[in-house]
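Observations on the model geometry
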Amino acid sequence: MGADGSRWCRRLLPDRAGNDRPVEAARSRGNHARFQEELTLLTVFSPEHKLHDAKTELSGGELVAPYECPARAEYVLKQIRQVGLGDVVTPEVFGLDPILRVHDPRYVEFLRDFWPQWRAAGNRGEGLPSVMPTRGMRQRVPQNINGKIGYYAMAAETAITAGTWSAVQTSANVALTAQAMVGTEKTSAFALCRPPGHHATGDQYGGYCFINNVAVCAQAFLDQGAERVAVLDVDFHHGNGTQSIFYERSDVMFQSIHGDPQYAFPYFLGFADEMGAGAGEGFNHNYPLAPGAAFDVWGAALLEACQKIEAYGPDVLAVSLGVDTFEGDPISFFRLTSDDFKRYGAILAGLKLPTLFVMEGGYAVREIGVNTVNVLTGFVSS
Ligand SMILES: [Zn+2]
């Protein structure tokens with residue numbers, strides 16, 4: 001699939017009988033009740049995200065309660081139900097194959113086997129690295145688990161626990177279930193993933209991320225016949241993992257709007273001059289913004305990114321949806337209001353693309369539900 005007549009022809013949507021029909025006709029169809037039906041968005045969610053419930057995060061020289069916590073997903077789910085966004089379904093099981101399309105098998109093996117090895121080595125706390133292969137060191141995987149965790153870490157704040165691997169697998173299944181809906185039944189869907197994924201590279205975890213859910217889904221779209229996928233990362237932090245996975249490829253365009261890495265995590269990637277390399281040159285665009293950026297600045301970057309998406313002509317859009325751009329976020333420095341999230345949801349709808357939303361960050365826990373669902377209601381209402 002993928003050529004003319006495939007389900008990825010972006011001007012067409014399947015109707016209930018399986019026939020294709022133009023997007024514009026679907027949106028303007030007269031029957032009010034039918035129109036109301038289309039104002040919903042399917043969510044995929046699993047309570048198994050709670051299996052990843054670390055007690056520690058290394059922050060400011062202290063071990064603190066993690067900002068990335070189970071309550072985040074529960075607040076989003078609560079708000080989805082409160083506004084009646086649409087059906088909430090549980091994920092199917094996809095196994096490791098789609099994950100291994102973008103991640104190193106030895107890295108996946110490390111995540112799977114980490115906890116018993118960590119404990120067997122006599123470690124009593126949660127899994128945190130203390131040494132990494134930095135400048136001047138050899139890039140080899142050690143046998144010792146305390147060395148191995150450093151090799152596979154891109155940052156040191158994120159703890160691995162007994163339940164992490166189960167939650168990480170479930171999070172990937174949540175993403176892939178929503179991806180399959182976008183590919184087959186629905187035009188758009190929301191994957192309420194936790195843990196998030198966009199900082200995870202092909203073989204590194206960190207920044208609360210382990211498996212790069214949006215990258216796994218982008219690859220799945222391609223494997224199922226899409227020719228071009230646009231990934232738009234609107235999380236406050238640069239999507240370094242997604243960028244690195246697709247940096248030398250033209251079949252995935254990656255764009256990220258984020259806090260300038262001179263001042264914000266992940267500090268060492270996400271600058272404007274990173275444009276892609278080799279076959280991927282010109283298919284990577286970063287929009288690093290200064291501290292204090294409000295919607296006038298942020299929205300202008302979004303419009304520029306949307307123009308590039310339109311010029312690229314993708315079959316599908318995958319959005320790394322982090323809402324830590326919120327003015328009240330405890331670990332970020334943008335100034336978006338709750339209403340702004342609705343506004344940019346509407347802008348994304350203007351692209352008229354089948355869209356997969358994948359949950360990333362957002363640490364103002366009590367507002368995360370309102371802000372996330374505002375993007376989605378802004379999207380479906382437009
Ligand atoms: Zn973030």
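Residues numbered from 1 in each chain as written. Predicted model: local features only at pLDDT ≥ 70, side-chain atom pairs only at ≥ 80, totals over all residues. Heavy atoms only, no water.

When helices and strands are counted, the protein chain shows 12 helices and 12 strands. The proportion of buried residues among the 382 residues of the protein chain is 55%. For the protein chain, restricting intrachain contacts to residue pairs at least 6 apart in sequence, the fraction spanning at least 24 positions comes to 74%. (Helix = DSSP H or I, 4+ residues; strand = E, 2+ residues; numbered from the N terminus. Buried < 20%, exposed > 50% of the residue type's maximum accessible area, 1.4 Å probe, protein only. Contact = heavy atoms within 4.5 Å.)

Here we come to the coordination of the zinc ion. Summarising the metal site, the zinc ion is bound by the protein donors Asp 235 (OD), His 237 (ND1) and Asp 324 (OD), whose distances to it range over 2.0 to 2.1 Å. Counting residues between consecutive donors of the zinc ion along the chain gives the motif D-x1-H-x86-D. Residue His 237 is found in the loop between strand E8 (229–233) and helix H9 (240–246), and its partner Asp 324 is found in the loop between strand E11 (316–321) and helix H11 (338–349); the two are separated by 87 residues along the sequence. With respect to burial, His 237 and Asp 324 carry one shared label: buried. (Donors = N, O, S within 2.8 Å, 3.2 Å for Na, K, Ca; no water.)

Our focus in this paragraph is the sheet that holds strand E6 (residues 88–89). Pairing within the open sheet is parallel, and its eight strands lie in the order E6-E3-E7-E12-E11-E8-E9-E10. Only two strands of the sheet have a single neighbouring strand rather than two, namely E6 and strand E10 (284–289). Examined bridge by bridge, strand E7 (residues 188–191) and strand E12 (residues 355–359) share four bridges and lie parallel to one another. The residue of E12 that forms the bridge with Ala 191 is Val 358. Contacting E8, strand E9 (252–259), E11 and E12, helix H8 (residues 213–223) runs over the sheet at an angle of about 165° to E8. (Pairing = 2+ DSSP bridges. Axes fitted to C-alpha atoms, helices over the stretch in contact; angles between N-to-C directions.)

Our next topic: the packing of aromatic side chains. Applying the stated criterion across every chain, the model contains 19 aromatic pairs. Here Phe 265 and Tyr 267 contribute two aromatic rings whose centre-to-centre distance is 6.5 Å and whose plane-to-plane angle is 80°, an arrangement assigned as edge-to-face. Consider the rings of Trp 298 and Tyr 344, whose centres lie 4.6 Å apart with planes at 40°: the pair is tilted. Taken as a pair, Trp 298 in helix H10 (residues 295–312) and Tyr 344 in helix H11 lie far apart in primary sequence, 46 residues in all. Comparing Trp 298 with Tyr 344, the two get one shared label, buried. (Phe/Tyr/Trp six-rings, centres within 6.5 Å; stacked < 30°, edge-to-face > 60°.)

Overall, the prediction assigns the protein chain a mean pLDDT of 92, with 90% of residues at 70 or greater. Note on residues 1–5: pLDDT is under 50 here. Beyond four places in sequence and across chains, it has seven contacts. Here residues 9–37 scores under 50 on pLDDT; set against residues more than four positions off or in separate chains, the count is 40 contacts. (pLDDT = per-residue confidence, 0-100.)

Here Phe 341 lies in helix H11. Note: C-alpha distance between Phe 341 and Gly 378 (37 residues apart in sequence) is 7.5 Å. The contacts of Phe 341, once residues within four sequence positions are left out, are Val 323, Thr 325, Phe 326, Leu 336, Asn 371, Asn 374 and Val 375.

Let us look at the packing of helix H7 (residues 164–183) against H8. One way to put it is that H7 packs onto H8 with a least axis distance of 9 Å and a crossing angle of 35°. For the pair H7 and H8, the crossing hand works out as right-handed. Judged by residue contacts, Ser 171, Ala 172, Ala 175, Leu 176, Gln 179, Val 182 and Gly 183 of H7 engage Asn 213, Val 216, Cys 217, Ala 220 and Phe 221 from H8. For the contact of H7 with H8, the residue count by class is eight nonpolar, four polar and no charged. (Left-handed = near helix turned anticlockwise from the far one by under 90°. Nonpolar A, V, L, I, M, F, W, Y, C, P; charged D, E, K, R; others polar.)

We now examine H8. For H8, the tally of buried residues reaches 10 of 11 residues, placing the bulk of the element in the interior. Along H8, the positions that sit buried rather than exposed are Asn 213, Val 214, Ala 215, Val 216, Cys 217, Ala 218, Gln 219, Ala 220, Phe 221 and Leu 222. One or two steps after H8, the chain reaches Gly 225, where phi turns positive at roughly 120°.

Note that Asp 235 resides in the loop between E8 and H9. Arg 72 is the oppositely charged side chain nearest to the buried, salt-bridge-free Asp 235, at an N-O distance of 6.7 Å. Reaching out from Asp 235, the side chain makes a polar contact with the backbone nitrogen of Gly 361 at a distance of 2.8 Å. Among residues more than four places away in sequence, those in contact with Asp 235 are His 198, Ile 257, His 258, Ser 320, Gly 322, Asp 324, Thr 325, Glu 360 and Gly 361. (Lys, Arg positive; Asp, Glu negative; His and termini not counted. Salt bridge = Lys/Arg side-chain N within 4 Å of Asp/Glu carboxyl O. Polar contact = N/O pair within 3.5 Å; in protein donor to acceptor, adjacent residues only side chain to side chain.)

Side chains that differ in sign of charge can pair as their charged atoms come close. Enumeration over the complete set of coordinates arrives at 10 salt bridges. Between Arg 106 and Asp 104 there is a salt bridge, with its nearest N and O atoms 3.2 Å apart. The partner of Arg 112 in a salt bridge is Asp 113, and the shortest N-O contact between them spans 2.8 Å. Residue Asp 113 is classed as partly exposed on the basis of its relative accessible area of 23%. Residues joined in a network through salt bridges with shared partners are Glu 68, Arg 72 and Arg 194.

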